[in-house]
Amino acid sequence: MTSPIEQAWELAKRRFADIGVDVDAALDTLDRLPVSIHCWQGDDVAGFENPQGLLTGGIQATGNYPGKARNAAELRADLEQALALIPGPNRLNLHAIYLESDTPVPRNEIEPRHFTHWVDWAKRHNLGLDFNPSCFSHPLSASGFTLSSADPQVRRFWIEHCQASRRVSAYFGQQLGSASVMNIWVPDGMKDTPVDRLAPRQRLVSALDEVLAEKLDPAHHIDAVESKLFGIGAESYTVGSNEFYLGYAASRQTALCLDAGHFHPTEVISDKISSAMLYVPRLLLHVSRPVRWDSDHVVLLDDETQAIASEIVRHQLADRVHIGLDFFDASINRIAAWVIGTRNMKKALLRALLEPTEMLRQREQQGDYTARLALLEEQKSLPWQAVWETYCQRHDVPADARWLDTVRDYEQQILSQR
């Protein structure tokens, strides 16, 4: 006797076949689309460099839900629990402040040896690793300027930190056989309106060029740069604006990072993907959920998440777009936050893969916008959930909200003891 999930799957296959969609092919493609899960959701971006983990640079993690990870071993255990509830391929995105060392290590002196435990863990779990220099929460970022600082000693420190970070990233790629995407974001800016907007940007260009001067194997390492609209303490002027980094990425042919929360509330990054891809070789996406500002809420299966996934799939950009997540909600169970956000990103990718894109494109080219709208709306009612449940079942993870029971058990047995 077939199970309800199997029955729903067979019905879904027929329904999607009627519009020319092969659901088996869609699941095969989904199995080739990894999502890079951000480690910093697990400990509120504190890292292991400073026990106090005081956040600066316009970053805030609000809430005080019990049980956050206090060290690398706890963070890896929490990640393992989350990964066990997320179907399909994943990666892990690390910041430099998640190094492991028995003695303090200046950020401009980090080395691959400070991340060997992460690499060994990633090998055991068949994960790729991505990386980020941490240009915030440090005495030499207190002025509000790092790579664009007018102080040559401060600027030199952060240049060396980013250079060291690139070598760590390349080590990840070499060890794991999958290129590490290293994203450079700096919080540089001013609270009030500056007189000289140009000089900091000139210094930032020069500093970035120096950071990227060492040639690294692209099979091991990919450089990305990330813009921001504003931050706390940098409300009036951000050195690394969208225009700055789009120009930099296009002229230097680095990857460009688009963060869902780093633009004006009326802007969405889904509409920027097709434009940016005309000028840069790769995109890195930080999928997040802004609520009136860059507040990094847990990703929902909302219109913008779906639009981001649809842009990737419709234009066959999976080989040039790297999907990462970037949110940190300390008001709810942190493992549940990982699971909810990552599963939603994967659901959006699946729904995009189940779209009859060629049929819709033909209607659009024929000028039949009535059919385009009608088909897009009817598509929303097709039984994609049955396909998702089968995908989860194939990866031996809960297909519905029963995963929350596992998280609650882990919370009672592990998190509550911290």
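Everything numeric here is computed off the predicted structure, so don't read it as measured data.

1. Describing unusual backbone geometry
Next up, step 1: Non-glycine residue S137 carries a positive phi angle of around 50°.
Next up, step 2: Take S137: it is sitting in the loop between β3 (128–132) and α5 (152–176).
Next up, step 3: Positive phi, close to 70°, is recorded for R292, a residue that is not glycine.
Next up, step 4: By the secondary structure assignment, R292 is in the loop between β9 (283–287) and α9 (303–314).

2. Things to note about the UniProt feature "binding site: Mn(2+)" (unreviewed entry) in the protein
Next up, step 1: UniProt marks H262, D294 and D296 with the feature "binding site: Mn(2+)" (unreviewed entry), using the numbering shown here. Taken along the chain, the residues just named run across 35 residues; in space they keep tight, none of their C-alpha pairs more than 9.8 Å apart.
Next up, step 2: Relative to the helices and strands, H262 resides in the loop between β8 (255–259) and α8 (270–276).
Next up, step 3: The buried category is assigned to H262, whose relative accessible area is 5%.
Next up, step 4: Contacts of H262, omitting those with residues within four sequence positions, involve W185, E226, S227, K228, L229 and D294.
Next up, step 5: Excluding anything up to four places from it in sequence, D294 contacts K228, D259, G261 and H262.

3. Details of the packing of helix α2 (residues 23–30) against helix α10 (residues 334–353)
Next up, step 1: Put simply, α2 and α10 touch, their axes get as near as 9 Å, and they point 140° apart. One element, α2, and the other, α10, form an angle in the oblique class. As for the relative orientation of α2 and α10, their crossing is right-handed in sense. Between α2 and α10, the contacting residues are A26, L27, T29 and L30 on the first element and K346, L349, L350 and L353 on the second.
Next up, step 2: Partitioned by chemical class, the residues of the contact of α2 with α10 number 6 nonpolar, 1 polar and 1 charged.

4. Considerations on the pattern of salt bridges
Next up, step 1: The full count for this structure, using the stated rule, is 23 salt bridges.
Next up, step 2: A salt bridge links R76 to E100, with the nearest nitrogen and oxygen atoms 2.9 Å apart. With a gap of 24 residues between them, R76 in helix α3 (residues 72–83) and E100 in the loop between β2 (90–95) and α4 (116–124) connect regions that are remote in the sequence.
Next up, step 3: A salt bridge links D223 to R166, with the nearest nitrogen and oxygen atoms 2.9 Å apart. Linking D223 in strand β6 (residues 221–226) with R166 in helix α5, this pair joins segments that are 57 residues apart in sequence.

5. Description of empty space enclosed by the protein
Next up, step 1: A complete count under the given rule lists 1 cavity of 30 Å³ or more for this structure.
Next up, step 2: Estimated volume of the largest cavity: approximately 50 Å³.
Next up, step 3: Along its surface, the largest cavity is lined by G42, Y65, P66, G67, K68, D78, N333, R334, I335 and L415.
Next up, step 4: Across the lining of the largest cavity, the residue classes tally to 4 nonpolar, 3 polar and 3 charged.

6. Description of the packing of α10 against helix α13 (residues 384–394)
Next up, step 1: It is the contact of α10 with α13, at a shortest axis distance of 10 Å, that shows an interaxial angle of 120°. In terms of their interaxial angle, α10 and α13 are classed as oblique. Relative to α13, α10 is oriented so that their crossing is right-handed. Between α10 and α13, the contacting residues are R343, K346, K347, L350 and R351 on the first element and W384, V387, W388 and C392 on the second.

7. Regarding α10
Next up, step 1: For α10, with 20 residues, the first-to-last C-alpha span of 29 Å sits near the 28 Å given by 1.5 Å per residue.
Next up, step 2: Within α10, 18 of the 20 residues are buried, which leaves it mostly tucked inside the rest of the structure.
Next up, step 3: A distance of 2.9 Å separates the backbone nitrogen of I335 from a side-chain oxygen at the start of α10, and that oxygen is part of N333.

8. Focus on the pairing of β8
Next up, step 1: Burial analysis of β8 places 5 of its 5 residues in the buried class, which makes it a mostly covered element.
Next up, step 2: Bridge count for β6 against β8 is 3 bridges, and the pairing is parallel. Counterpart to E226 in the pairing with β8 is C257.
Next up, step 3: The parallel pair β8 and β9, bridged by α8, forms a crossover whose chirality is right-handed.

Each value, and the rule that gives it
Residues numbered from 1 in each chain as written. Predicted model: local features only at pLDDT ≥ 70, side-chain atom pairs only at ≥ 80, totals over all residues. Heavy atoms only, no water. Helix = DSSP H or I, 4+ residues; strand = E, 2+ residues; numbered from the N terminus. UniProt positions renumbered as here; feature names shortened; annotations may be inferred. Buried < 20%, exposed > 50% of the residue type's maximum accessible area, 1.4 Å probe, protein only. Contact = heavy atoms within 4.5 Å. Axes fitted to C-alpha atoms, helices over the stretch in contact; angles between N-to-C directions. Parallel < 35°, antiparallel > 145°, perpendicular 65-115°, else oblique. Left-handed = near helix turned anticlockwise from the far one by under 90°. Nonpolar A, V, L, I, M, F, W, Y, C, P; charged D, E, K, R; others polar. Salt bridge = Lys/Arg side-chain N within 4 Å of Asp/Glu carboxyl O. 1 Å grid on protein atoms, 1.4 Å probe; cavity = no way out; pocket = protein on both sides within 12 Å on 5 of 7 lines; lining within 4 Å. Points joined across faces, edges and corners; volume = space filled by probe spheres on them. Expected span 1.5 Å × (residues − 1). Polar contact = N/O pair within 3.5 Å; in protein donor to acceptor, adjacent residues only side chain to side chain. Pairing = 2+ DSSP bridges. Right-handed = clockwise from strand over helix to strand, strands pointing away.

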